[in-house]
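# Inside the fold
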Amino acid sequence: MKNISHLKNTNFTIAGAARSGISCAKLLKKFGLKVFLTEEKKLSTETEAILKEIGISFEQEGHSIDKIINNTDILIISPGILLSSPLVIAAKKNNILVASEVEVASWFFPENVICCGITGTNGKSTTTHYLANLLKLEHAAVACGNIGTPVSEAVFNLYEKNLLEDNYYLCIELSSYQLETIYSMGPLCTCFLNLQNDHLARYENMDEYLKAKWRLILLTRDDGLAIIEENVLARAVHLGLSMPKCKIFVLTEHKPFTHRQQQSEYKNTGINLPIAIYKELKNLSIEQLIPSSSLNHAHVAYDANTNSAQINFNDHEKWDVKNSCLNGKHNIINILVASLMAEFSGLYKNRILRQWEKETTKYAPLPHRLEHIGSAKQIYIDSHKNKKTVTIINDSKATNVESTLVALQAFHKPIRLLLGGEAKGDSYLPIIEITNKDNLIIYPFGKAAPIIREQLSQFKNVRPHNFSNMLAAANEVLLECENGDIILLSPACSSFDEFKDFEHRGNVFRAWAISCFEENKS
């Protein structure tokens, strides 16, 4: 653990009483530090009881900014609090350090902790979860961060359970919101999976979104490993961002990219300033910035018909994967990233590859991410009491169009797509532009249904009804589908018109599907 003796007389204020805020308060209190918590909303009775039990002073239903500023040395903010909020602006104006819960938790990492950081727009949770499961084959490991368990909670548990000797891996999923205020955490391995349109209500443009996530790459230890998707790396070069000193793996779905390829991949989204360096940056190749001794390529060739892949490393080493335990090219990439991180951490390649394939894996996928409900030969009963052998997939985690596109590309049978919820401003046109139209029927539901039908009005396979809710659409899908079809919930929308979050939506959908099992209808 870092020397924290200088924190003895430090006043901490935690803004936000969600799970990460409470966990951070407990960790700080364990080390006898001074903690105050402020929450903009009214606290639940349960949260109040927890804070009182551990002896944390707090306020609710608003931030007393003047009082906080006069009594705070370090402000710890929830990821949902904007850096432009009055509380954060006041803190910065008064030279108060603003940090995330993850940053503060890292100050208390025991010496046996090795951390790995995962970011990107899509696939973070699956990669984090898969990595933790790989590492558990030989070490103690936990998936934490944005995936659900706060990092502070994971660290607190290490001290509570006295797990302070053998290597312990923290596999940390990190959002751009969290990374904005992380400064010193030094992961052994990091990855930047991809960059897609999302969170543009918070960031001025995609470049600002990238810069927030790029902070993780620059935090990587000099003796560590950073895995970066080729388009992300090309864009970072184009923006003139600093490069890490560690070993780098570039992920590509093509042969290792060339200088010319890089130029054609991106359009300049900013203003061309009349300064030579701005013209030169877009012409730089990766090889000009990164020493060849540090640069490696992993090329993914995927066969959708067999759900298999061949991975080419620098054109001399190959990994062959047959019948992957997760469907889709995107999941092959997620598994590959986790595997490279696990191998760099000391796990043997042969042991890693056994976990890729359905016949030999011990991996149990996360719920709500292309989650298969029931068995491959599951029989369902529709509302007219007809028996049908179909596949039902719960992909409730797909809250944007990019995620839904990934889901659609993972399957080749006829798909009946449940699309809807609360619109996030995305265009739904890409769904029919890149999909086999003859194999897709769309059922719009929720608040977004009229928008979906309007945008896709030229697509004949959009059902003419605006289903008021998800289950109304699901019942209609099951009634209309034929043997061999796939019923896919991949909404491309947030869940807040009907549900408290995507997990709640997915749980309701799963429960509906299970209720339609033949054995549950008898």
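For the structure itself, consult the block above.
A quick note: this is a predicted structure, and the numbers were derived from the prediction, not measured. (Residues numbered from 1 in each chain as written. Predicted model: local features only at pLDDT ≥ 70, side-chain atom pairs only at ≥ 80, totals over all residues. Heavy atoms only, no water.)

### Examining helix H7 (residues 151–160)
We count it as follows: Buried, partly exposed and exposed residues are distinguished by accessible area as a fraction of the type maximum, computed with a 1.4 Å probe on protein chains only: under 20%, between the cut-offs, and over 50%, respectively. By the criteria applied, helices consist of DSSP H or I runs no shorter than four residues and strands consist of E runs no shorter than two, each listed in order from the N terminus. By the convention used here, residues are in contact when the closest approach between their heavy atoms is within 4.5 Å.
Burial of H7 is extensive: seven of the 10 residues sit out of reach of the surface. Of all the positions in H7, only Val 151, Ser 152, Ala 154, Val 155, Phe 156, Leu 158 and Tyr 159 are classed as buried. Summarising the contacts, the buried residues of H7 are in contact with helix H1 (19–30), helix H5 (101–106), strand E6 (113–119), strand E7 (140–145) and strand E8 (168–173). Phi turns positive, to about 55°, at Asn 162, one or two residues after H7.

### Description of the nonpolar core
Formally: The criterion is simple. A nonpolar core is a set of buried Ala, Val, Leu, Ile, Met, Phe, Trp, Tyr and Cys residues joined through side-chain atoms within 4.5 Å.
With 44 residues, the main nonpolar core has Leu 131, Ile 227, Ile 311, Leu 336, Met 341 and Trp 356 as its most contacted residues. Per-element accounting of this core gives the leading share, nine residues, to helix H14 (residues 329–344). Those residues in contact with Trp 356 that sit more than four places away from it in its chain are Tyr 130, Ile 311, Trp 319, Val 321, Asn 323, Ser 324, Cys 325, Ile 332, Ile 335, Leu 336 and Ser 339. If you look at the next biggest cluster of nonpolar residues, it comprises 43 residues, including Leu 28, Leu 33, Leu 51 and Leu 219.

### Overview of helix H9 (residues 206–219)
Rules: A helix is expected to reach a length of 1.5 Å times the quantity of its residues less one. Given a residue, its bend is the angle between the two axes fitted to the seven residues that end at it and to the seven that start from it. The definition of a polar contact used here is a pair of N or O atoms within 3.5 Å, where within protein one atom must be able to donate a hydrogen and the other to accept one, and adjacent residues in sequence count solely through side-chain atom pairs.
Given a rise of 1.5 Å per residue, 14 residues ought to cover 20 Å, and the 21 Å separating the end C-alpha atoms of H9 matches this to within 8%. The sharpest bend along H9 comes to roughly 30°, located at Lys 213. Most of H9 sits inside the fold, with 10 of its 14 residues counted as buried. Along H9, the positions that sit buried rather than exposed are Met 206, Asp 207, Tyr 209, Leu 210, Ala 212, Lys 213, Trp 214, Leu 216, Ile 217 and Leu 219. Next to the buried residues of H9 lie E6, helix H6 (124–135), helix H8 (176–179), strand E9 (189–192), strand E10 (225–229) and helix H10 (230–238). Residue Asn 205 occupies the N-cap position of H9, its side-chain oxygen lying 3.0 Å from the main-chain nitrogen of Asp 207.

### Here we look at the environment of Ile 96
Along the chain, Ile 96 turns up in the loop between helix H4 (86–93) and strand E5 (97–100). Residues Ile 96 and Thr 72 lie 24 residues apart in sequence; the distance between their C-alpha atoms is 7.2 Å. Residues within four places of Ile 96 in sequence aside, it is in contact with Ile 69, Thr 72, Asp 73, Ile 74, Leu 75 and Ala 91.

### Some remarks on the sheet that holds E8
Hydrogen bonds between backbone atoms are what pair the strands of a sheet, whose relative direction is either parallel or antiparallel. The cut-off we apply is this: In this description, strands pair whenever DSSP reports at least two bridges between them. Interaxial angle, 0 to 180 degrees, is taken between N-to-C directions of lines fitted to C-alpha atoms, where a helix line uses only the stretch in contact.
Within the open sheet, the nine strands sit side by side as E7-E8-E6-E9-E10-E11-E12-E13-E14. Their pairing is mixed. Strands at the two margins of the open sheet, each flanked by one partner only, are E7 and strand E14 (317–321). Neighbouring strand axes in the sheet, compared pairwise and without regard to direction, differ in orientation by 15° on average. One ladder, built from five bridges, connects strand E13 (residues 308–313) with E14; its direction is antiparallel. Within E14, the position partnered with Phe 313 by the bridge is Glu 317. Each of E6, E7 and E8 touches H6; the most contacted strand, E8, lies at about 170° to it. Taken strand by strand, H9 contacts E6, E9 and E10, and its axis lies near 160° from that of E9.

### Digging into the pairing of strand E20 (residues 440–445)
The element E20 is extensively covered by neighbouring structure, given that six of its six residues are classed as buried. Residue alternation in E20 divides its side chains into two sets, Leu 440, Ile 442 and Pro 444 and Ile 441, Tyr 443 and Phe 445, and both sets are buried. Here six bridges tie strand E19 (residues 415–420) to E20, and the two strands are oriented parallel to one another. Within E20, the residue paired with Gly 420 across the bridge is Phe 445.

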